[in-house]
Amino acid sequence: MWDDQFEQILRPFVPFLGPQEELTPDAELKDLGLDSLATVQLLGTLEEAYQVRFRDSALTMDTFRTAGVLWDTVQSMLHTAAS
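Let us look at the structure shown here. In this text the structure is predicted, and so the values were computed from the model without any measurement.

## Regarding the environment of Gln75
And then number 1: Mapped onto the elements, Gln75 comes out in helix H3 (residues 67-82).
And then number 2: Residues Gln75 and Trp2 lie 73 residues apart in sequence; the distance between their C-alpha atoms is 8.6 Å.

Following this line, the structure appears as structure tokens:
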């Protein structure tokens, strides 16, 4: 799945997810309260935390649709940066 840092970063941006509720890969982030402003803030936070830059092609609503898709995108950028 993902690392602890990812979930710690993501949780404050999804206010409808209870503190004890499990964040699953197929969780729809919009349904959990991620709005457009929070998406931009989350983008910056992830870039800073993982020292990556989201490619223009990754700046779509699909990238931020679910926790799993978002993590796959971050992981892909990490692998690209390591190459």
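## Some details on the nonpolar core
As a rule of thumb, nonpolar side chains are buried together in soluble globular proteins.
And then number 1: Counting residues in each nonpolar core, the largest one holds 26 residues, and the members touching the most others are Phe6, Leu42, Leu46, Phe54 and Leu70.
And then number 2: Looking at this core, the elements that each hand over two or more residues are helix H1 (4-10), helix H2 (36-50) and H3.
And then number 3: The residues contacting Leu70, other than those within four sequence positions of it, are Phe6, Leu10, Leu29, Leu42, Leu46, Phe54, Thr63 and Phe64.

Parameters at a glance
Residues numbered from 1 in each chain as written. Predicted model: local features only at pLDDT ≥ 70, side-chain atom pairs only at ≥ 80, totals over all residues. Heavy atoms only, no water. Helix = DSSP H or I, 4+ residues; strand = E, 2+ residues; numbered from the N terminus. Core = buried A, V, L, I, M, F, W, Y, C linked by side-chain atoms within 4.5 Å. Buried < 20%, exposed > 50% of the residue type's maximum accessible area, 1.4 Å probe, protein only. Contact = heavy atoms within 4.5 Å.

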